[in-house]
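Structure at a glance
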Amino acid sequence: MLDRLNEIEKAALESLASITDQAALDAWRIANVGRSSPLMQVFAGFGKLSKEERPVVGAAANRVKAALESALEERTQAVKNAALAKSLEEEKLDVTLPGREVNIGRLHPSNQQLRRVLAILAEMGFQVYTSREVETDEMNFQMLNFPPHHPAREMQDSFYVEAEGREDNPILMRTHTSPGQIRAMREASAINPQNPPPIRIALPGMCYRYEQITARSEIQFNQVEGLAVGEGITFADLKGTLTDFARRMFGQDARVRFRASYFPFTEPSAEVDVECFVCGGKGCQVCKNSGWLEILGCGMVHPNVLQNGGYDPKRYTGFAFGMGPERQLMLRNKINDIRYFWGNDVRFLEQF
């Protein structure tokens, strides 16, 4: 049996020395150290050996197996090195070819517009204040002059969260960023309740409304609100601020108009339009032949809202405004379907 093992080892090593490619190495491995190889047959025949022969033959068989596996590993590395050397010698590499273009990621168009809006407001002295997306009915509606069952709530169909014992104060996904106004005012007034400091903040974030998804409406959208509260603030300050914002956003020649409107949390209230920058006010499909494009809503903060935020409405006044960045981007780029922003279509996203 020992002679047989020596013959197996000698024959295997001789055949291995002449191998020059990976396919032949794989075939050699199967033939010499595979399950059906002569060496494995020796291991299978241990049961027929005497007790005295088993240790001797077993040690010799293990030595042969280790020797063959080691030789296979060395030969495999030698074949790989030879193949690499041959490739470098025979194949030509044209180093003058241009490199592959690296695809660089970019911000989502909604985030681009959101950052642009916030950058303009920051230049005008507004500080960013972020608030929670899951709100209570009290903060989302009641503190903003929307009492329970108020008809104005119908304009903001809501996603409510199931919770027992909430009665008239259920939990919901915020329908606008306005609850942040109350939270910001309460934080500021808590510093000095008798003499709360003035505030000027921008409130960005995602809002949610239970609406039918169409080309003009989505169940989720970004919104940015602005709030300024202090002594002696008037509607003239509001008009000056928003006129300046429109010119920074749409160009210094942009014309702005204010139209009377209604919001429960502001009084008086207005809608703000900018002259259509596509047709110059002459009328076109983008502006629906009106010559104007609506960009935001605004108004003077209602006394009830000021009081709910901890500010005495007899002493303090303020203004607020709200806008949708996606809406502005649709106007600027003639985008006719708001669903593109959340469809993840690369053909749309790569344009920004």
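Described in the following lines is the structure provided in the data block. Here the structure is a predicted model, which means the values were calculated and not measured. (Residues numbered from 1 in each chain as written. Predicted model: local features only at pLDDT ≥ 70, side-chain atom pairs only at ≥ 80, totals over all residues. Heavy atoms only, no water.)

What to know about the packing of helix 1 (residues 2-17) against helix 4 (residues 53-90)
We apply this condition: Between N-to-C directions, angles cover 0 to 180 degrees, with each direction set by a line fitted to C-alpha atoms, over the stretch in contact for helices. By definition, any uninterrupted DSSP run of H or I lasting at least four residues is a helix, any uninterrupted run of E lasting at least two residues is a strand, and each is numbered from the N terminus. Reported orientations rely on four angle classes, namely roughly parallel under 35 degrees, roughly antiparallel over 145, roughly perpendicular from 65 to 115, and oblique for the rest. We call two residues contacting when some pair of their heavy atoms lies within 4.5 Å.
Two numbers describe how helix 1 lies on helix 4: the axes approach to 10 Å, and their chain directions differ by 5°. With respect to their mutual orientation, helix 1 and helix 4 come out roughly parallel. Contact with helix 1, carried on its side by L2, L5, N6, E9, A12, L13, L16 and A17, involves V56, V57, A60, A61, R63, V64, A67, L68, A71, L72 and R75 of helix 4 and no other residues of that element.

Some points on the sheet that holds strand 4 (residues 171-173)
We count it as follows: Two strands qualify as a pair provided that DSSP identifies no fewer than 2 bridges between them.
Pairing is antiparallel in the open sheet, where three strands are placed in the order 2-4-3. Only two strands of the sheet have a single neighbouring strand rather than two, namely strand 2 (134-136) and strand 3 (160-161). When strand 2 meets strand 4, the two strands line up antiparallel, connected through three bridges. Directly across from E135, in strand 4, lies its bridge partner L172.

A few points about the packing of aromatic side chains
The following threshold applies: Only Phe, Tyr and Trp rings take part, Trp by its six-membered ring, and two of them pair if their centres are within 6.5 Å. Stacked means planes under 30 degrees apart, edge-to-face means over 60, and tilted covers everything else. Only protein chains enter the calculation, and the probe is 1.4 Å; a residue is then buried if its accessible area is under 20% of its type maximum, exposed if over 50%, and partly exposed in between.
Considering all chains together, one arrives at eleven aromatic pairs under this definition. On the numbers, 6.0 Å between centres and 15° between planes, the contact of F263 with F265 is stacked. The same class applies to F263 as to F265, namely buried. Taking 5.4 Å as the distance between ring centres and 35° as the angle between the ring planes, the aromatic pair formed by Y340 and F348 counts as tilted. With a relative accessible area of 8%, F348 lands in the buried category. Pairwise contacts between aromatic rings join F141, F146, F263 and F265 into one cluster.

Brief notes about the sheet that holds strand 5 (residues 199-208)
Ordered in space as 1-5-6-10-9-8-7, the seven strands form an open sheet in which the pairing is mixed. Both edges of this open sheet fall to strand 1 (127-128) and strand 7 (256-263), since each of them pairs with a single strand only. Relative to strand 9 (residues 292-301), strand 8 (residues 266-275) runs antiparallel, the two being bridged by eight bridges. Within strand 9, the residue paired with A270 across the bridge is C298.

A short note on unusual backbone geometry
With omega at 0°, the peptide bond leading from E267 into P268 counts as cis. Position of P268 among the secondary structure elements: in strand 8. Phi is positive for N145, which is not a glycine, with a value near 75°. Mapped onto the fold, N145 is located in the loop between helix 6 (137-140) and strand 3. In this structure, N344 is a non-glycine residue whose phi angle is positive, near 60°. Mapping N344 onto the fold places it in the loop between helix 10 (325-333) and helix 11 (346-349).

Some thoughts on the nonpolar core
This is how it is decided: Working definition of a nonpolar core: buried Ala, Val, Leu, Ile, Met, Phe, Trp, Tyr and Cys residues. They are joined through side-chain atoms within 4.5 Å.
One finds L121, F245, I295, L296, C298, F319 and F321 to be the most contacted residues of the largest nonpolar core, which totals 34 residues. Examining the composition of this core, we find that six residues originate from one element, helix 8 (residues 235-250), more than from any other. Aside from chain neighbours lying at most four places away, what touches L296 is L242, F245, E271, V272, F321, G322 and M323. Counting 24 residues, the second largest nonpolar core, distinct from the first, contains Y129, M185, V229 and L306.

Regarding the pairing of strand 8
The buried fraction of strand 8 is high, at eight of ten residues. The pairing of strand 7 with strand 8 spans seven bridges and is antiparallel. Paired with A260 across the bridge in strand 8 is A270.

As for the pairing of strand 6 (residues 220-230)
Taken across its eleven residues, strand 6 has ten buried, putting it largely inside the fold. Pairing of strand 5 with strand 6, which is carried by ten bridges, proceeds in the antiparallel orientation. Counted as the bridge partner of I201 is L227 from strand 6.

Side note on helix 5 (residues 109-123)
How we decide: An expected span of 1.5 Å times one less than the residue number is assigned to each helix.
Over its 15 residues, helix 5 runs 21 Å from end to end, which matches the ideal 21 Å to within 8%, given 1.5 Å per residue. One or two residues past the end of helix 5 sits G125, with phi positive at roughly 95°.

Details of the pattern of salt bridges
For side chains of opposite charge, pairing can occur when their charged atoms come near one another. So the rule is basically this: Counted as salt bridges are all cases of a side-chain nitrogen of Lys or Arg within 4 Å of a carboxyl oxygen of Asp or Glu.
Taken as a whole and judged by the stated rule, the model has ten salt bridges. Residue D244 is joined to R248 by a salt bridge in which the shortest nitrogen-to-oxygen separation is 3.0 Å. Separated by four residues within a single helix, D244 and R248 lie in helix 8, roughly one turn from each other.

A word on the side chain of H176
The condition that has to hold: Nitrogen and oxygen atoms within 3.5 Å of one another constitute a polar contact, given that in protein one can donate a hydrogen and the other can accept it, and given that sequence-neighbouring residues count only through two side-chain atoms.
Mapped onto the elements of the fold, H176 is located in the loop between strand 4 and helix 7 (179-191). A polar atom in the side chain of H176 sits 2.9 Å from the backbone oxygen of N140.

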